[in-house]
Every structure is written in structure tokens, then in C-alpha cells.
Amino acid sequence: RSSFFKCYAQLLQSNPEAKGMLTLNFVIEPSGHVQQPAIDSKDLTDKNFQKCLIETLKRLEFRSFAGPSVSTLFPMKFE
């Protein structure tokens, strides 16, 4: 979680008024790897901020599991 807020700290340097909600969309594969990372946000549309979040998502690894992939929506509030 701290990696996501590092992205936000970078955004605040260029836009101190930035705040809002966003939803991280991704798929967790049975191997634990993240696939298809995407961001849905009407409030925080800065491309560099979103790129930083996507890169952070790509580095996440979950515990491996048996069964099908899991589609995930994760809302986050930045303020």
C-alpha cells in the first residue's frame, strides 16, 4: 500500500490540490501474478500518476491458489 501512496506523493508535487477516488481493476492469476491492470478514475486522471500505479500493480504478487483467475476491483481514496 505504501507504494501506491508514493505515487500519490509524486502527484502532489506537481498538483498539490489533487484528491479523489479511483478503482484499480486487475486479474489475479492462479500463479499469484497480476494481469490486465487498469485504472478507472474521473477524479485523478494524471497520466504519470496512473502509470506509476499500473507499474506498482504489475509488481504485486499474491499467494498462488487452485482454481480460476479472479477479477478484482479495489477502490482507493486519495486525499
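Owing to the predicted nature of the structure, the values given are computational and were not obtained by experimental measurement.

Thresholds applied
Residues numbered from 1 in each chain as written. Predicted model: local features only at pLDDT ≥ 70, side-chain atom pairs only at ≥ 80, totals over all residues. Heavy atoms only, no water. Salt bridge = Lys/Arg side-chain N within 4 Å of Asp/Glu carboxyl O. Helix = DSSP H or I, 4+ residues; strand = E, 2+ residues; numbered from the N terminus. Buried < 20%, exposed > 50% of the residue type's maximum accessible area, 1.4 Å probe, protein only.

Draft legend 1. Inspection of the pattern of salt bridges at higher detail. Summed over all chains, the structure comprises two salt bridges. Its salt-bridge partner being Glu 55, residue Lys 58 comes within 3.6 Å of it at the nearest N-O pair. One end of the pair is Lys 58 and the other is Glu 55, both in helix α2 (residues 47–59) and three residues apart, which spans about a single turn. Note that Lys 77 is salt-bridged to Glu 79, the shortest N-O span being 3.8 Å. Glu 79 carries the same exposure label as Lys 77, and that label is exposed.

Draft legend 2. Seen up close, unusual backbone geometry. Phi is positive for Gln 36, which is not a glycine, with a value near 55°. Relative to the assigned elements, Gln 36 resides in strand β2 (residues 34–40).

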